[in-house]
Amino acid sequence: MYAAPIPEPNPESELSLAEIEATISQVAGKLDARFVSAGEALAQAYGIVERLVSALEGVTNALGRDAAEAAVDNMRATADRLERLPAVQAARQAGLESIAAGARPLAHHINQVKRTLDFLRICGLNIKVAAAGRNGFADFADTMNVRLDVGEIEIAGIGAEIERLTGSIPALIEVDRQLAAECVKVIPQVPRKLAEDAEALQRHQAADAARAKRIATVGREIHTKVATAIGAMQIGDITRQRLEHVASGIQALIAWRDSADPATAIDVVGHMVALFAAQASDTIEAFHTESQRLAESLRGIAPSAAQLLEIKAEGDRQQTGDHSVFLGALEKSVADVAQVTARLRDADAKAQALGGSTSDSAERLAERLRVVHRVNEDVHLMAWNTDLRCHRLGDEGKALAMVASEIRGFATALATISAEIRHSVERLVGAVTALRDPETEHGSDAAEALSESLACIRDGAQRMRAGMAGLSDDAAAVTRILETTTSNVDCEAAFGDALRGVVLRLKLFGTPCPAPEGEVAAGLAVLLDGMARSYTMAREREVHSRFALPGTVSSTQADMDDDDDDDGLF
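In short, a report on the structure. (Residues numbered from 1 in each chain as written. Predicted model: local features only at pLDDT ≥ 70, side-chain atom pairs only at ≥ 80, totals over all residues. Heavy atoms only, no water.)

## Focus: the overall build of the protein
In step 1: Secondary structure assignment for the protein yields 17 helices and zero strands.
In step 2: Put simply, the protein has 570 residues, and 46% of those count as buried.
In step 3: Once local pairs closer than 6 in sequence are excluded, the contacts in the protein between residues at least 24 apart make up 91%.
In step 4: Working note: accessible area of the protein is about 27400 Å², and carbon and sulfur atoms make up 54% of it. (Helix = DSSP H or I, 4+ residues; strand = E, 2+ residues; numbered from the N terminus. Buried < 20%, exposed > 50% of the residue type's maximum accessible area, 1.4 Å probe, protein only. Contact = heavy atoms within 4.5 Å. Areas by Shrake-Rupley, 256 points an atom, 1.4 Å probe, with all protein chains shown as cover.)

Here it is as structure tokens:
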């Protein structure tokens, strides 16, 4: 908006207090408008930088947090596990084959037990025949048959348990064979690629976090400098107030002069004009110094704003591709791993199902073997009792003794076979338990864990994009604001000549009255006290004290403690 130029008084012309007052008031008004506009612009720049710093600190926190580091660690751990997969699979293949081989003797042993029980049952029948119902031998045979029935039930149960335990092994061996074929295709290149991507991701995140941190650091510096500049903007308001005080003093002098005696007015006007000249000169000198310092401070912020763009451009040059390309490559690696882990998960699940039933099966087998062992002991004991009874019968008991001896032999054989079954079952259970993968037991799913890691990485990348999205526009906006604000506070071209002209004319016509008396002293007392009461700055009172009359309100007020003043510049 065009502003009419401020008239420059001719210092050689006659003193016109009204013209000087108008010039001072006009300068004060325009000065205030400039500094208010500059302050509002700086507040806008402050808000922009504050938002930028907050966004970038969020990026730094996102990229440096534990979750992002855990994502990288998880990728590496998955890669390591896949690298070991062929060895793990080979060990499991051997274990499965060992289980299958160990199950075959069990079937033979169980058949042996069944045959032995059948022989024992025949022996019981022979005792009945040989005893011909004498001396309770028939009861013995019946009791033995009952125990043999229990033994047959338990040994049949052992056979069923073993079949259940080993029934899924062929299918699991086939799954592992398929997994081995898959391993040949993708290992080691897929896990190594995943490990390389994890390292690249770590470097990528570190670079992004460092760049965001550098930009945030520069942003905080700008933030601090702008805050300082906003505080220094009070020089505009201070100068306006001091000029307005001079203008109001001139108005009061004009009003007093128009009703005063001309002879008295000469000395009073001369003294007051000298005061106005001193106040205006001190105000202009302080304003010039502080506004120049403020302008230089604002110009000093511009390089920092340019540095923001320089750091961003440096980071852009270092990027081998944008975030979307990087994430695309990462997603491809995760998808490749998912194909491998799908088969791995299937094999693990089946091995876990087999291993999971092992403990229950082992307990049931152990209990059945204990029952068979007790049956064997009972039959053995009954055979010895029969043998003892046969000796008491003499020759009549010889046939029974032969049968009892056979029973003891079969019982011993049964004990031996039962022991073999127990050892075979223990080895079988141990082999099945060894198949269980501790990582799978702890619920680790490589594909799911990698998906979670990828989601975390995407989140960090999104935060980085969001933090950097408006950086160029924000830096450019701050630069424009600083340029406009610097121009507004550098008022030399707009107001310098007019203010210097005012001071020069006031100094030319100002004549201090060192020892006023009578009407002159009375007039000065009124005007000086009025001026003293209008001051809001400590510096104004210091200047005023040189012109105050001894013993007046203005003189004593100049000596008062000014701790309550809000002026920190003068």
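## Here we look at the pattern of salt bridges
In step 1: Summed over all chains, the structure comprises twelve salt bridges.
In step 2: Close ionic contact of Asp149 with Arg121 constitutes a salt bridge, the shortest N to O distance being 2.8 Å. Here Asp149 is found in helix α3 (residues 137-167), whereas its partner Arg121 is found in helix α2 (residues 66-131), with 28 residues between them in sequence.
In step 3: With a relative accessible area of 35%, Asp149 lands in the partly exposed category.
In step 4: Residue Arg121 is classed as partly exposed on the basis of its relative accessible area of 25%.
In step 5: For Arg242, the salt bridge identified is with Asp282, shortest N-O distance 3.1 Å. One end of the pair, Arg242, is in helix α6 (residues 234-258); the other, Asp282, is in helix α7 (residues 262-318), with 40 residues separating them in the sequence.
In step 6: Residues joined in a network through salt bridges with shared partners are Asp32, Asp237, Arg240 and Glu244. (Salt bridge = Lys/Arg side-chain N within 4 Å of Asp/Glu carboxyl O.)

## A word on a nonpolar patch on the surface
In step 1: Taken together, the side chains of Leu504, Leu508 and Phe509 make up a nonpolar region of the molecular surface, amounting to roughly 250 Å² of accessible area.
In step 2: The exposure class assigned to Phe509 is partly exposed, which follows from its relative accessible area of 32%. (Patch = residues over 30% accessible without salt bridge, like charges linked within 9 Å, V, L, I, M, F, W, Y side chains within 5 Å.)

## Comments concerning helix α15 (residues 518-534)
In step 1: Relative to the 24 Å expected for 17 residues at 1.5 Å per residue, α15 spans 25 Å between its end C-alpha atoms, a close match to the ideal helical length.
In step 2: By the burial criterion, the buried members of α15 are Val520, Ala521, Gly523, Leu524, Leu527, Leu528, Asp529, Met531 and Ala532. (Expected span 1.5 Å × (residues − 1).)

## Structural notes on the nonpolar core
In step 1: Within the largest apolar cluster, 73 residues are counted, with the highest numbers of intra-cluster contacts made by Phe35, Leu253 and Met272.
In step 2: When residues of this core are traced back to their parent elements, those giving at least two are α1 (17-64), α5 (189-232), α6, α7, α13 (471-489), α14 (492-509) and α15.
In step 3: Per-element accounting of this core gives the leading share, 20 residues, to α7.
In step 4: Not counting residues within four places of it along the chain, the set of residues in contact with Phe35 comprises Met233, Ile235, Gly236, Phe287, Leu294, Val489 and Cys491.
In step 5: Listed in part, the 41 residues of the second largest apolar core include Phe140, Leu365, Val403 and Ile407. (Core = buried A, V, L, I, M, F, W, Y, C linked by side-chain atoms within 4.5 Å.)

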